[in-house]
Amino acid sequence: MPVHVVDHPLVRHKLGIIRRDDVTTKNFRALASEIARLLTYEATKDLKMETKTIKGWAGPVEVESIKGKKITVVPILRAGLGMQDGVLDLIPGAKVSVVGFYRNEETLQPVEYYVKLAKDIKNRIALILDPMLATGGTLIATIDLLKKAGCKTIKGIFLVAAPEGLENLEKAHPDVDVYVAAIDDHLNEDGYIIPGLGDAGDKIFGTK
Ligand code: URA
């Protein structure tokens, strides 16, 4: 499973600010979106191109445009919504397919509570958005769901990943490309990434 750690100076700098304990809601929100935008730039590097001839100011000119498959972004509720604006800044025509899961406290398995996918999702590249790839449970359930809906090309964009989550994902879906700003050290006993960002949903929504 290809894991792309985007270690661009801008990403590393912004990650250094978003990790601060005293980061404000406003700044956390802005940075989550800005880092998501930079990761999207990397995640779309392999899009296929085609050439066509258009009418330019000085006559016909050969230009390039993105070929074929369109994109749907798939924010995982609720924290994934905090990355959506940054991604849509670069891909304004993308459709948004939203998924939400809760955890069954007996089985500890993720259970869908909201799914609204783009109608033509099987013809689109899916870019899953979630700030934190922790255990990977919800992510794997999301990919199961997208594959069942006919999605053939799926990528995941995360601010921070835990090695445990990447390992679980590799076992379940080795065909999914991952783009992250950082791979952190470990998960603690409560399932938080260390050093991580804390509860990304609370920080984006200001519900801490
Ligand atoms: N979800 C979060 O918001 N933070 C973590 O560290 C792990 C999961």
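Residues numbered from 1 in each chain as written. Predicted model: local features only at pLDDT ≥ 70, side-chain atom pairs only at ≥ 80, totals over all residues.

- As recorded by an unreviewed UniProt entry, the protein carries the name Uracil phosphoribosyltransferase and is attributed to Desulfoplanes formicivorans.
- Quoted verbatim from the Catalytic activity (unreviewed entry) heading of the UniProt record, the comment on the protein is "UMP + diphosphate = 5-phospho-alpha-D-ribose 1-diphosphate + uracil".
- Listed in UniProt under the heading Pathway (unreviewed entry), the comment for the protein reads: "Pyrimidine metabolism; UMP biosynthesis via salvage pathway; UMP from uracil: step 1/1." (UniProt positions renumbered as here; feature names shortened; annotations may be inferred.)

Quick notes on the nonpolar core
Logical step 1: If you look at the biggest cluster of nonpolar residues, it comprises 50 residues, and the most contacted ones within it are L127, L129, M132, I157 and V160.
Logical step 2: Counting residues per element, this core draws most heavily on helix 2 (residues 25-43), at seven residues.
Logical step 3: Contact partners of V160, with chain neighbours within four places excluded, come to M132, V180, A181, A182, D184, I193, G196 and L197. (Core = buried A, V, L, I, M, F, W, Y, C linked by C-beta atoms within 7 Å. Buried ≥ 20, exposed ≤ 12 C-beta atoms within 10 Å, placed from the backbone. Helix = DSSP H or I, 4+ residues; strand = E, 2+ residues; numbered from the N terminus. Contact = placed C-beta atoms within 7 Å.)

Quick word on the environment of C151
Logical step 1: Looking at where C151 falls in the secondary structure, it is placed in the loop between helix 4 (137-148) and strand 10 (153-161).
Logical step 2: Once you skip the residues sitting within four places of it in the chain, C151 turns out to touch I121, K122, A126 and L146.

With respect to unusual backbone geometry
Logical step 1: Backbone torsion omega between L77 and R78 reads -10°, so that peptide bond is classified as cis.
Logical step 2: With respect to the helices and strands, R78 occurs in the loop between strand 4 (70-75) and helix 3 (81-90).
Logical step 3: Look at the link from I194 to P195: it is a cis peptide, with omega at 5°.
Logical step 4: Of note, L108 is a non-glycine position whose phi angle comes to about 65°, a positive value.
Logical step 5: Here L108 lies in the loop between strand 6 (98-103) and strand 7 (110-116).

What to know about the pairing of strand 3 (residues 59-66)
Looking along a regular strand, one sees side chains alternate from face to face of the sheet.
Logical step 1: Sparse coverage of strand 3 is indicated by the burial of zero of its eight residues.
Logical step 2: Taken together, the eight bridges between strand 2 (residues 49-56) and strand 3 define a ladder with antiparallel strand orientation. By the bridge assignment for strand 3, M49 is matched with I66.
Logical step 3: Taking the residues between adjacent antiparallel strands as the criterion, strand 2 and strand 3 are bridged by two residues. (Pairing = 2+ DSSP bridges.)

Looking at the site of the ligand
Logical step 1: Near the ligand the following residues occur: A79, M132, A134, G191, Y192, I193, G196, D199, A200 and G201.
Logical step 2: Of the residues contributing to the shell around the ligand, the split by class is six nonpolar, three polar and one charged. (Near = placed C-beta within 6 Å. Nonpolar A, V, L, I, M, F, W, Y, C, P; charged D, E, K, R; others polar.)

Concerning helix 2
Side chains three or four residues apart in an α-helix point the same way, a direct result of the helix having 3.6 residues per turn.
Logical step 1: A rise of 1.5 Å per residue sets the reference length of helix 2, with its 19 residues, at 27 Å; its end C-alpha atoms lie 26 Å apart and thus fit the reference within 8%.
Logical step 2: Those residues of helix 2 not exposed but buried are F28, L31, A32, I35, A36, L39, T40 and A43.
Logical step 3: Looking at the buried side of helix 2, the elements it contacts are helix 1 (9-18), helix 3, strand 8 (124-129), strand 10, strand 11 (177-183) and helix 6 (200-205). (Expected span 1.5 Å × (residues − 1).)

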